Each structure stands twice: as C-alpha cells, then as structure tokens.
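One letter stands for each residue in the lines below.
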Amino acid sequence: MLVEKSVALQPYNTFGIAARAQRLLRVRKADLLPDLIGQPGWRPDRVCVLGGGSNIVLTGDVDRLVLKVEILGQRLLRETEAGYLVEAEAGEDWHDFVTWTLDRGWPGLENLALIPGSVGAAPVQNIGAYGLELQDRFHSLDAVDLHSGQVFSLDAAQCGFGYRDSVFKHERAGAQGYGLAGRALITRVRFWLPRRWQPVLGYLELERKAAEAGLAQPTARQIFDWVCQIRRAKLPDPAEIGNVGSFFKNPLVSPEQCADIIARDPAVVHYPLPDGRIKLAAGWLIEACGWKGKTMGHAGVYEKQALVLVNRSDVQHPCSGAEVMTLAAAIQTSVYERFGIRLEIEPVLW
C-alpha cells in the first residue's frame, strides 16, 4: 500500500469542494490493515476514513492521513426459509448493492435506493428514506480498531443506531466508553432480508404512487422504481450538481414546541413519531425563511428542495468549504430567529 502525497479531493467528495489531502492511502484489502496499524509512527488521531464522500463537507485541506476505502465484493452468506443473509464489502457503492440484491430476488432494501455513498459509510449515518432505515435490515458488521489493529464485529444493538446516528458518530467517554468516532474503519456489512417480505409504504409520496398505479401490494422492484423517480425529481444528481443530499437533520421537538410553532405558522410540515415527539420538515423551515434558490459565493440552496445545499462553482472558480459553511450558518441563524429551532448539520465536517 503506497501513500500518495498532496492528492486533490475534489473528485472524491460529492459536493465537489476543492481541497487536498496531504497524504492518502487506498485501502483495497482489509487483511492488510492490522499490519499497517502496527507500524512505528502510526497515529490513529491523525487519520480519517473516506468512503464514497457523499456525507462529508471539506472545510479546508486535510493534513491527516486519509484512508480511502476501496474494498470490493458482495455475496450471499446464507439462505433459509426465513430469509437471506447478504454481505457487502465497505467500498461497494450503496445503490449498486441495493440493485444487486433486487436483481437476485432478495427484496428489503428497495426504499433505500439511490442514496449516494458506500456500503461501509451507511451504518455510520444509519441511512434512511421513505419509511425505512438501515437498522431495519441490518444484521452485523466487521471493522478494524484504528488504535489497536484488532478486528471486531458488532450487531445492531452494539451499533447504537438512532435517527441518522450510530456509535460511530460519538466520541469514547472514559476507559469503558463505547463511542467509536475516529476509532474504527468498517470493512464489511451484513443485512438480513426477510423472505416473507411486505412493502413499506408509510410515506406520503409512495402512497400516492401506489394509488396512481392502483396497487395495494406493489412489488419490491416497483417500489425501487418509484423511489428512484421521486428522488430524481426533487434531488440533484451529484454527478451533475455537487451536493451531499440533505444538509440538515429534520429537527425533533416536543408536542408543546410544535403547537407553539403551529400557532404562529399553521402550514408547518410536521410528522408525529411513535415516541410522542414531533419531527419537523427542515426543508420547509428553510424555505419559509426565504432561502430556497438563494446563492452565497459559490454555494447555494437547491431550487427544488431547500434542504439540499449545492455547488454553484465553475472550473475557474471552485467552491470552497468556507463558502458552504458560511451559507449553512446563515440558514441556521434565520431558522433560529424565526422558529427558535437550531438546525443540526447532517454531514460530517472535515
């Protein structure tokens, strides 16, 4: 494994932010990692892991060693009367993996179609869309401890999944703490796909698609196609317009907070959750503050979906991380001043 020096990261982050990595190492074999970590001079605190680059915002040049995960492979591990246990290496493209499972007649991941990024990054964010989250199909994963070189496995409970959250996003607290932020590199992920599959349609846009087609029980492939159509209609393709998808998390508030906002803005989009809290549509809050379609520097708010920030640069004038963060901060201030809600940034900041 050769370390490359001063590598341009613009092709490796879907926002297309211009930045460079002082050092970059392409990880193509998981079994070489323990030896790498055991070498003299290894600094786990000076390492960052790069997957598909679809959930990071580069705030400047990266002076740490970037481990770019390029481990490939996908396979069926076990088939029973109850379902299928499938596995993918961390460097596989997420959407390609979803397509691969459906092509082989293993439904269950169709609602998560067209989410950009790699398989290894998916558990970190506990990706979710259209009524389904990764944790609903997750079985287990393998990873390498960047401090000790030890290989370990985690099940769903050990991953600590939450709304766009996992143990991989939290710092370790104390000697017995279990936070794994900056400590682990995920090498492969396994999913359990039930044979007795039922469509997940608890999302308004999918319900509309099913009603238009006159289908109470659509197939997994039909849901996959609908999700792709919906996403393409309202979200920009990173290959055409740089972005990282949803830039802010949908805020969760108490019923009392929601009632207070509704009293002032009756049209606010909100969704009751099983635990009693209310999820507000961050995109609606941003649009209500007048940001939809606006641009600051070379960063802007997508004209079809205010929750998405986009790259408005050209070849001569690339977008910088500072421009993106300036726009994000301005949006956060506007939303807080009007609604008293602090929007939380969803992607990871480097």
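Thresholds applied
- Residues numbered from 1 in each chain as written.
- Predicted model: local features only at pLDDT ≥ 70, side-chain atom pairs only at ≥ 80, totals over all residues.
- Heavy atoms only, no water.
- Axes fitted to C-alpha atoms, helices over the stretch in contact; angles between N-to-C directions.
- Helix = DSSP H or I, 4+ residues; strand = E, 2+ residues; numbered from the N terminus.
- Parallel < 35°, antiparallel > 145°, perpendicular 65-115°, else oblique.
- Left-handed = near helix turned anticlockwise from the far one by under 90°.
- Contact = heavy atoms within 4.5 Å.
- Nonpolar A, V, L, I, M, F, W, Y, C, P; charged D, E, K, R; others polar.
- Pairing = 2+ DSSP bridges.
- Core = buried A, V, L, I, M, F, W, Y, C linked by side-chain atoms within 4.5 Å.
- Buried < 20%, exposed > 50% of the residue type's maximum accessible area, 1.4 Å probe, protein only.
- Phe/Tyr/Trp six-rings, centres within 6.5 Å; stacked < 30°, edge-to-face > 60°.

A.B. asks: How do you make sense of the packing of helix α5 (residues 204-213) against helix α6 (residues 220-234) when you look at a structure like this?
C.D. replies: Helix-helix packing is characterised by the crossing angle of the two axes and by the distance between the axes. Across the interface, α5 lies against α6 with an axial gap of 10 Å and an inter-helix angle of 120 degrees. Relative to α6, the element α5 is oriented oblique. The two elements α5 and α6 meet at a crossing, and its hand is right-handed. Each of Glu-205, Leu-206, Lys-209, Ala-210 and Ala-213 in α5 lies in contact with α6, whose residues at this interface are Trp-226, Val-227, Gln-229, Ile-230 and Lys-234. Of the residues assigned to the contact of α5 with α6, the class counts are six nonpolar, one polar and three charged.

A.B. asks: What should I look at first to understand the environment of Trp-284 in this one?
C.D. replies: With respect to the helices and strands, the residue Trp-284 is situated in helix α8 (residues 282-288). The spacing of Trp-284 and Ala-267 is 17 residues in sequence and 9.2 Å in space, taken between C-alpha atoms. Setting aside anything within four residues of it in sequence, one finds Trp-284 in contact with Asp-265, Ala-267, Val-268, Val-269 and Phe-339.

A.B. asks: Is there a simple way to think about the sheet that holds strand β17 (residues 295-296) in this case?
C.D. replies: Sheet strands pair by backbone hydrogen bonding; their relative direction is either parallel or antiparallel. Here we have four strands laid out as an open sheet, ordered β13-β19-β18-β17, and antiparallel in their pairing. Strands at the two margins of the open sheet, each flanked by one partner only, are β13 (243-246) and β17. The sheet contact formed by β17 and strand β18 (residues 299-301) spans two bridges and is antiparallel. Within β18, the residue paired with Met-296 across the bridge is Ala-299. Packing of helix α9 (residues 321-339) onto the sheet brings it into contact with β17, β18 and β19 (308-311), and relative to β18 it is tilted by some 35 degrees.

A.B. asks: How do you make sense of the nonpolar core when you look at a structure like this?
C.D. replies: Side chains of a nonpolar character, in soluble globular proteins, are inclined to be buried together. Ranked by internal contacts, the top residues of the largest apolar core, which has 47 residues, are Trp-94, Phe-97, Leu-141, Phe-168 and Phe-191. Listing elements by their share of this core, those giving two or more residues are β7 (83-89), α2 (94-103), β10 (138-145), β11 (151-155), β12 (184-194), α5 and α6. Considering every element that reaches this core, the biggest residue donor is α6, with seven residues. Sequence-distant contacts of Phe-168, that is, excluding residues within four places in its chain, are made with Val-124, Leu-141, Leu-154, Cys-159, Leu-180, Ala-181, Ala-184 and Ile-186. The next biggest cluster of nonpolar side chains, apart from the first, holds 45 residues, and it includes Val-253, Val-301, Leu-327 and Ile-341.

A.B. asks: Mind showing me how you'd approach the packing of aromatic side chains here?
C.D. replies: What describes a pair of aromatic rings is the distance from one ring centre to the other and the angle between the planes of the rings. For the coordinates displayed, the defined rule picks out 11 aromatic pairs. Between Trp-100 and Trp-106, the aromatic rings sit 5.4 Å apart at their centres with planes inclined by 75 degrees, giving edge-to-face as the arrangement. Of the residues examined, Trp-100 reaches a relative accessible area of 11% and is grouped as buried. Ring pairing ties together the aromatic residues Tyr-84, Trp-94, Phe-97, Trp-100, Trp-106, Phe-138, Phe-161 and Phe-191, which thus form one cluster.

A.B. asks: Could you clarify how one ought to interpret the packing of α2 against α6 in this entry?
C.D. replies: At a minimum axis separation of 10 Å, α2 and α6 run at an interaxial angle of 155 degrees. By the angle between their axes, α2 is roughly antiparallel relative to α6. Both α2 and α6 take part in a crossing whose hand is left-handed. Side by side, α2 and α6 meet where His-95, Val-98, Thr-99, Leu-102 and Asp-103 of the first sit next to Ala-220, Arg-221, Phe-224 and Cys-228 of the second. Residue composition of the contact of α2 with α6, by class: five nonpolar, two polar and two charged.

A.B. asks: Explain the environment of Leu-132 to me, please; I cannot follow it from the model alone.
C.D. replies: Looking at the element boundaries, Leu-132 is found in strand β9 (residues 132-133). Classification of Leu-132 as buried rests on a relative accessible area of 4%. Expressed as a C-alpha distance, the spacing of Leu-132 and Leu-36, which sit 96 residues apart in the sequence, is 37 Å. Residues in contact with Leu-132, not counting those within four places in the same chain, are Gly-108, Asn-111, Leu-112, Arg-137 and Val-200.

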